[in-house]
2 protein chains.
Amino acid sequence: MKEIKVNSKKSYSVFITNDVNLLRGLIDTYKLHSLFILTDENVYNLYGKFLDKLFPNILGLKVIKPGEKNKNINTIMDIYDSLIEKNADKKTTLVAFGGGVVGDIAGFIASTYMRGIKLIHVPTTLMAQCDSSIGGKNGFDYKGYKNIIGSFYQPEFVFSNINFLKTLDDRQYLNGLAEIIKYAIVCDINLLNYINQNKKALSERESDKLFHIVYQCSKIKAKIIEEDEFDLNKRQILNFGHTVGHAIESYFNFEILHGEAVAIGMITEAYMAMKLKYIDEKHFNKIVELISYFNLPTKIKVDDIELLFSIMHKDKKKTGEKLKFVLPYDLGHAIITTDLKENFIFDALKYCLGG
Amino acid sequence: MKEIKVNSKKSYSVFITNDVNLLRGLIDTYKLHSLFILTDENVYNLYGKFLDKLFPNILGLKVIKPGEKNKNINTIMDIYDSLIEKNADKKTTLVAFGGGVVGDIAGFIASTYMRGIKLIHVPTTLMAQCDSSIGGKNGFDYKGYKNIIGSFYQPEFVFSNINFLKTLDDRQYLNGLAEIIKYAIVCDINLLNYINQNKKALSERESDKLFHIVYQCSKIKAKIIEEDEFDLNKRQILNFGHTVGHAIESYFNFEILHGEAVAIGMITEAYMAMKLKYIDEKHFNKIVELISYFNLPTKIKVDDIELLFSIMHKDKKKTGEKLKFVLPYDLGHAIITTDLKENFIFDALKYCLGG
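Residues numbered from 1 in each chain as written. Chains lettered and ligands numbered in written order. Predicted model: local features only at pLDDT ≥ 70, side-chain atom pairs only at ≥ 80, totals over all residues. Heavy atoms only, no water.

Definition in use: UniProt positions are given in the numbering used here, feature names are shortened, and annotations may be inferred rather than shown by experiment.
Under an unreviewed UniProt entry, the name given to chain A is 3-dehydroquinate synthase, and the source organism is Caloramator fervidus. What UniProt states about chain A under its Function (unreviewed entry) heading is, verbatim, "Catalyzes the conversion of 3-deoxy-D-arabino-heptulosonate 7-phosphate (DAHP) to dehydroquinate (DHQ)."

1. Side note on unusual backbone geometry
Formally: Comment: elements are numbered from the N terminus, with helices defined as DSSP H or I runs of at least four residues and strands as E runs of at least two.
In this structure, Phe254 of chain A takes a positive phi of about 60 degrees despite not being glycine. Here Phe254 of chain A is to be found in the loop between helix 10 (242–251) and helix 11 (258–275). A positive phi angle, close to 50 degrees, is found at Ser34 of chain B, a residue other than glycine. By secondary structure assignment, the location of Ser34 of chain B is in the loop between helix 1 (22–29) and strand 3 (35–40).

2. A few points about the relation of the copies chain A and chain B
Copies of the same chain, two in number, are related to each other by a rotation about an axis and a translation along it. Put simply, the rule reads: Residues reaching a pLDDT of at least 70 in both copies supply the C-alpha atoms on which the copies are superposed by least squares. It only takes one pair of heavy atoms within 4.5 Å for two residues to be counted as in contact.
In screw terms, the move from chain A to chain B is a rotation of 180 degrees and a rise of 0.0 Å along the axis, fitting with an RMSD of 0.0 Å. Such values leave the two copies arranged in the relation of a two-fold axis. When the interface residues of chain A are mapped onto chain B, 100% of them are again interface residues, pointing to one common binding face.

3. With respect to the interface of chain A and chain B
Accessible area lost on assembly of the parts is the figure often given for the size of an interface. Basically, it comes down to this: As a working definition, buried area equals the accessible area (1.4 Å probe) given up by two parts on being put together, with both sides summed. Each salt bridge in this description consists of a side-chain nitrogen of Lys or Arg and a carboxyl oxygen of Asp or Glu lying within 4 Å of one another. Polar contacts, as used here, are pairs of N or O atoms within 3.5 Å; protein pairs need one atom able to donate a hydrogen and one able to accept it. Residues neighboring in sequence count only if both atoms are side-chain atoms. Three classes are used: nonpolar for Ala, Val, Leu, Ile, Met, Phe, Trp, Tyr, Cys and Pro, charged for Asp, Glu, Lys and Arg, and polar for all others, with Gly counted as polar.
On the side of chain B, 33 residues touch chain A, which itself brings 33 residues to the contact. Taking both partners together, chain A and chain B bury about 3200 Å²; carbon and sulfur atoms supply 58% of that area. Linking chain A with chain B are 2 salt bridges. Residue Lys143 of chain B is joined to Asp81 of chain A by a salt bridge in which the shortest nitrogen-to-oxygen separation is 3.6 Å. The interface formed by chain A and chain B holds 8 residue pairs in polar contact (both at pLDDT 80 or more) in total. Elements that contribute at least two residues to the side of chain A that touches chain B include exactly helix 3 (73–85), helix 4 (100–112) and strand 8 (145–149) of chain A. With 5 residues, the single largest contributor to the side of chain A that touches chain B is helix 3 of chain A. Residue composition of the side of chain A that touches chain B, grouped by class: 12 nonpolar, 10 polar and 11 charged.

4. A word on the environment of Leu22 of chain A
Relative to the helices and strands, Leu22 of chain A resides in helix 1 (residues 22–29). C-alpha separation for the pair Leu22 of chain A and Asn161 of chain A, spaced 139 residues apart in sequence, amounts to 9.4 Å.

5. A closer look at the sheet that holds strand 4 (residues 60–64) of chain A
All names here are of chain A. Quick reminder of the rule: Following DSSP output, two strands are said to pair if at least two bridges run between them. With axes taken as lines fitted to C-alpha atoms, and helix axes fitted only over the stretch in contact, angles between N-to-C directions fall between 0 and 180 degrees.
Spatial ordering of the open sheet is given by 1-2-9-6-5-3-4, a layout of 7 strands whose pairing is mixed. Of all strands in the sheet, those bounded by a partner on one side alone are strand 1 (2–6) and strand 4. Within this sheet the neighbouring strands show an average axis-to-axis angle of 15 degrees, counted without direction. Helix 2 (residues 41–54) rests against strand 3 (35–40), strand 4 and strand 5 (93–98) of the sheet, and its axis sits at about 140 degrees to strand 3. Where helix 4 meets the sheet, its contacts fall on strand 3, strand 4, strand 5 and strand 6 (118–123), and the angle it forms with strand 5 comes to roughly 170 degrees.

6. Quick notes on the UniProt feature "binding site: Zn(2+)" (unreviewed entry) in chain A
Residues and elements named next belong to chain A. As annotated by UniProt and renumbered to match this structure, "binding site: Zn(2+)" (unreviewed entry) occupies Glu179, His242 and His258. Spanning 80 residues, the named residues nonetheless gather at one spot, since no C-alpha pair among them exceeds 10.2 Å. Structurally, the position occupied by His242 is in helix 10. Setting aside chain neighbours within four positions, we find His242 in contact with Glu179, Lys182, His258, Val262 and Glu269.

7. Notes on the packing of helix 11 (residues 258–275) of chain B against helix 14 (residues 342–353) of chain B
All names here are of chain B. Condition: Angles are sorted into four bins: roughly parallel if under 35 degrees, roughly antiparallel if over 145, roughly perpendicular if 65 to 115, and oblique for all others. Crossing handedness: left-handed means the near helix sits turned counterclockwise from the far one by under a right angle, and right-handed means the same turn made clockwise.
Closest axis-to-axis distance for the helix 11/helix 14 pair is 10 Å, and the angle between their directions is 125 degrees. Between helix 11 and helix 14, the angle falls in the class oblique. Note that helix 11 runs across helix 14; the crossing there is right-handed. In contact with Ile264, Thr268, Tyr271, Met272 and Lys275 of helix 11, helix 14 contributes Phe344, Ile345, Ala348, Leu349, Tyr351, Cys352 and Leu353.

8. Thoughts on the domain arrangement of chain A
Residues and elements named next belong to chain A. Spelled out, the test is: The split of the chain into domains comes from an automatic or database domain assignment.
Parsing chain A into structural domains produces domain 1 (2–167) and domain 2 (170–353). Listed by partner, the interface residues are 38 residues for domain 1 and 35 residues for domain 2. Taken together, the two surfaces of domain 1 and domain 2 that pack against each other cover about 3200 Å², and 65% of this comes from carbon and sulfur. Considering only the surface of domain 1 that becomes buried against domain 2, Leu126, Cys130 and Lys146 emerge as the three largest contributors, covering 19% of it. Inspection of the region where domain 1 meets domain 2 yields 5 salt bridges. Between domain 1 and domain 2 we count 16 residue pairs in polar contact (both at pLDDT 80 or more) in total. At the level of secondary structure, the elements contributing two or more residues to the side of domain 1 that touches domain 2 comprise strand 1, strand 2 (12–17), helix 5 (126–132) and strand 8. Ranked by residues supplied to the side of domain 1 that touches domain 2, first place goes to helix 5 with 6 residues. For the side of domain 1 that touches domain 2, the residue count by class is 13 nonpolar, 15 polar and 10 charged.

Below, the structure written as structure tokens:
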């Protein structure tokens, strides 16, 4: 088991391991009692029996419907109801056992139930292990806006068990790989080279390769959180692919997975970077090629680009009137800009998504 | 204008003044733009025109229905809707212009809309100026539990204009006095003496007397917050009268005002303190006498004491199975205890509230 310290205002550790049984010991070490587990139907079908065995005496278990579509106020209220019903109190620890949606919801619940209860993240997807479980962002979607209601709330610890990744279906696994490619492109040329050199092994989910990328991405994320916990500047670099990606998700009413939308968003935004000569054509092609290799979508046909554009404007990352974009600058680096002209953005959207 | 610094994790100032026009200058000094004002119907009827004049260019104004009964999820969602409709973004500042309910709701909204926007408190009631606007606690009621959903979220500043207190109706004014008597009994014998010596002037709301008590209570609250922002120990001293008071509010379905319930709660809990010899009978009578002087209720007939008792058990301040009480210990001091026997509590409730 490896440990990464996240030195945010409240410090905590991310544990990365191949041995899921270490979780029980950690919970004892941290003196956590009165556990309330939140998970979703997909994860419960796979790990329900395992949970019963690992945690014979818990306060409660709530199984929600899976998917971004259920990351809404109804699900939130339903969980509050369950906590109240079980007499959960300030000593209760909420365990987020699942992917990004479970983690986002659990984080919001933990930060608001009785003004805050303890939280641990046990991410079961690649996306959650590498990205969403670290850094304390949480929230739910409302009126078509992703995470428009949410907070920053750090857990007691994060427990990433690599073996969970073996049971993901291909689509969910690739969904996570998109975020890892994102890290590599904007933060770490070595990681990008590693992914390129181990494409096949990563497709086949070899344990040591998975461990390496989860560990590297967690380290990158932890470092960024330390510098900018509240997403005021540096952390925004992780929004590469997301300005366009979020709008695509919303446009297609969340029928498309987050990582898939981000993959298309990365290509669109990399295209903008190429047009601005921030990266050259060779680099752009390399990005497209890598995304294609993992069978992630490289484009999607958007009939109403104007609508997409207006959704993007409403995206919560907007600052005043100008849209904010993260553009790769050489590979392994990026810049954050609000200076793109509307025409320029519109042309890029049209070229990449206009069909 | 006097200024009190609150040195919580995020430091901010409480300004106490007789000149409401200073608010405009503070907003400029703090470089706050894109104001969204939250208030209630009562306050708006009194100060709507004033708000229009003081803030000619705001992003939005939302007037909610007054009272604890409306501190619920429906009101919360309705405000999110208004913020989205007005395109409120991360640069928006939410202005809580009203009493405790407006402040609690605004705090929750500000802490969760887009993972946190700026907040200023402009408390218009005595209760809000002396207590609820300082310290960052917020929340709303759900399933009969007060503030069961909420967070800690500190404002940019608090602006307490004493003149607002002149327009309160008597019931609201006395509601606030109950909290001030609470401060005096458990924290500050000098304040208790001051109130006793200036009972008549306080009844008549003389400006300098109001200024003094708002200033003293704000200072006490600021000091407590500095020592215990997240309500883990010391801050709980301010729950004197609240363990019983919250249960009474809930039992009577919030038909009774918070301060009124706290007044009855203080007498019941002071009675317990007397039974335990923490205070003598003379002190107990002094407390009853002071509360009576201001026409606050000293008792209320509870037909089903068992039900009241079970509501208290469900109150969020419970720790594990034992109820937590703040009991006066001499005057001007208090202790926090979870050691009271159920029979003892039940007998006190029956004696004070059984009719």
